[in-house]
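Letter by letter, the chains look like this.
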Amino acid sequence: MRILLTNDDGIHAEGLAALERIARTLSDDVWIVAPETDQSGLAHSLSLSEPLRLRQVADKHFALRGTPTDCVIMGIKQVMDIKPDLVLSGVNSGSNVADDVTYSGTIAGAIEGTMQGVRSFALSQAYSYSDGARIVPWEVAEAHAPALLDRLMTVDLPEGTFLNLNFPNCRPADVQGAEVTAQGKLAFNLQIDARSDGRGLPYYWLKFGERGGAFAEGTDIHALKHNKISVTPLKLDLTDYSVKDRVARALSGTE
């Protein structure tokens, strides 16, 4: 099996090294095309106004000055001579659940792999803070992902569907199994931090406030809260079929 890895945290990220170790439990034919720098929060964006600069850093390891989407396209269309059998994106530093999936570059890597016709999974690891520093238990994903991926490779996924895997913030031995989940709902409480530069001109930072949400049973958020691995099937088709008929009636003047 030929595997292509990417991420949004960058070519030197600890999570990418963890993902490579995970991938090598499945195959010896592992390729990496990852962003030169951190691309978190860029979602499924393309670099259309800047050139893509590719740099080989080791055998089958490439850094690209571009987004995770660019990396998957470059990997499949330029770097690899044969299309991969699997695209793995991650392991992200932090969970990608609920509304995170619309912002996440990690999810975007799996989206692009799916668009290119390759089975794709996104992997993310929840973490905690201690003394202002992230404490990311990479060993959870490393301990549980190989067997989980091996099982999920047997699933017959419809065209346009990929899987979003999130690993809980706990010890590997405390993981309470894996659960298939639905996408939850989070309140991000994004805030604007207004500042002034050395000349007194204003500039701004986006920052997260307290994140709340509906931790309903059966959702990705609920699973992580209860030390379960969340496996959420996501699809590229964003059509809301439940309102198609209503819109059609409105357009025809019958509603």
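Rules and cut-offs
Sequence order sets the numbering: in each chain, residues are counted from 1 along the sequence as written. Owing to the predicted nature of the model, reporting of local features is limited to residues with pLDDT of at least 70; listing and counting of side-chain atom pairs is limited to 80 or more, with chain, interface and lining totals taken over all residues. Values reported for side chains reflect all heavy atoms of the structure, with hydrogen atoms and water molecules removed beforehand. Numbering of helices and strands runs from the N terminus, with a helix taken as a DSSP run of H or I at least four residues long and a strand as a DSSP run of E at least two residues long. For this measure, only C-alpha atoms enter the radius of gyration; the expected value for a globule follows 2.2 Å times N^0.38, where N is the number of residues. We call a residue buried when its accessible area falls under 20% of the maximum for its residue type, exposed when it is over 50%, and partly exposed in between, using a 1.4 Å probe and counting protein chains only. Only the protein chains shown count as cover for residues, with accessible areas throughout obtained via the Shrake-Rupley method and a probe of 1.4 Å. Note that His is not counted, nor are the chain ends; the positive residues are Lys and Arg, and the negative ones are Asp and Glu. All charge positions are set by atom: Lys at NZ, Arg at CZ, Asp at CG, Glu at CD. Each nonpolar core is a collection of buried residues, namely Ala, Val, Leu, Ile, Met, Phe, Trp, Tyr and Cys, held together in the definition by side-chain atoms within 4.5 Å. Contacts between residues were defined by any pair of non-hydrogen atoms, one from each residue, lying within 4.5 Å. Distance and chemistry together define a polar contact, namely a pair of N or O atoms within 3.5 Å, with one atom able to donate a hydrogen and the other to accept it when in protein, and with adjacent residues in sequence counting only for side-chain atoms on both sides. UniProt positions are given in the numbering used here, feature names are shortened, and annotations may be inferred rather than shown by experiment. The rule for pairing is simple: two strands pair if DSSP sees at least two bridges between them. Between N-to-C directions, angles cover 0 to 180 degrees, with each direction set by a line fitted to C-alpha atoms, over the stretch in contact for helices.

(A) A look at the overall build of the protein chain. For the protein chain, the count of helices and strands is seven helices and 15 strands. Taking 18 Å as the expected radius of gyration for a compact globule of 255 residues, we find that the protein chain reaches 19 Å, a close match to that expectation. Dimensions along the principal axes, computed over C-alpha positions, put the protein chain at roughly 60 × 55 × 45 Å. In the protein chain, which comprises 255 residues, the share counted as buried stands at 47%. When the accessible surface of the protein chain is summed, it comes to about 13,400 Å², and 51% of that surface belongs to carbon and sulfur atoms. Counting 24 positive and 33 negative side-chain charges, the protein chain places the centres of these two groups 2 Å from one another.

(B) Up close: the nonpolar core. Counting 32 residues, the largest nonpolar core has L5, L88, F121, L123, L149, L165 and F167 as its most contacted members. The dominant element in this core, judged by the number of residues it contributes, is helix α5 (residues 138-152), at seven residues. Once you skip the residues sitting within four places of it in the chain, L5 turns out to touch L16, L19, E20, A23, V30, W31, I32, V33 and L88. Counting residues in hydrophobic clusters, the runner-up holds 13 residues, among them V72, V79, M80 and V118.

(C) How the structure looks around the side chain of E20. Along the chain, E20 falls in helix α1 (residues 14-23). Residue E20 is classed as buried on the basis of its relative accessible area, which comes to 17%. Within the local environment of E20, its side chain forms a polar contact with the side chain of H61, the two groups lying 3.0 Å apart. Aside from chain neighbours lying at most four places away, what touches E20 is L5, V30, I32 and H61.

(D) Spatial organisation of the UniProt feature "domain: Survival protein SurE-like phosphatase/nucleotidase" (unreviewed entry) in the protein chain. Mapped onto the present numbering, the UniProt feature "domain: Survival protein SurE-like phosphatase/nucleotidase" (unreviewed entry) falls on residues 3-186. Along residues 3-186 one finds 28% helix and 30% strand; the C-alpha atoms at either end are 32 Å apart.

(E) Highlighting the side chain of T114. Within the secondary structure layout, T114 lies in helix α4 (residues 105-115). Residue class for T114 comes out buried when judged on its relative accessible area of 10%. In this structure T114 touches S120, G160, T161, F162 and L236, once residues within four positions along its chain are discounted.

(F) Spotlight on α1. For α1, the tally of buried residues reaches seven of ten residues, placing the bulk of the element in the interior. What α1 keeps buried is the set G15, L16, A18, L19, E20, I22 and A23. Buried residues along α1 sit against β1 (2-6), β2 (29-35), β4 (61-65), β5 (86-93), β6 (119-125) and α5.

(G) Highlighting the sheet that holds β6. Taken together, the nine strands give an open sheet; going across it, the order is β3-β4-β2-β1-β5-β6-β9-β15-β10, and neighbouring strands pair in mixed fashion. For this open sheet the edge positions go to β3 (53-58) and β10 (178-180), each flanked by a neighbour on one side alone. Going from strand to strand, the sheet's axes swing by 25° on average, the running direction of each strand aside. With four bridges joining them, β2 and β4 adopt parallel strand pairing. For A34, the partnering residue across the bridge sits in β4 and is A63. Docked against the sheet, α4 engages β1, β5, β6 and β9 (161-167), running at close to 170° with respect to β6.

(H) Structural view of unusual backbone geometry. In this structure, the amide linkage connecting G90 to the following residue, V91, adopts the cis form with an omega of -15°. Its location among the elements puts V91 in strand β5. The phi torsion at A98 lies on the positive side, around 50°, for a residue other than glycine. For A98, the position within the fold is in the loop between β5 and α3 (100-103). The class of A98 is buried, set by a relative accessible area of 0%. One non-glycine residue, D131, lies in positive phi territory at about 55°. Here D131 shows up in the loop between β7 (128-130) and β8 (133-135). Classification of D131 by relative accessible area gives exposed; the value is 81%.

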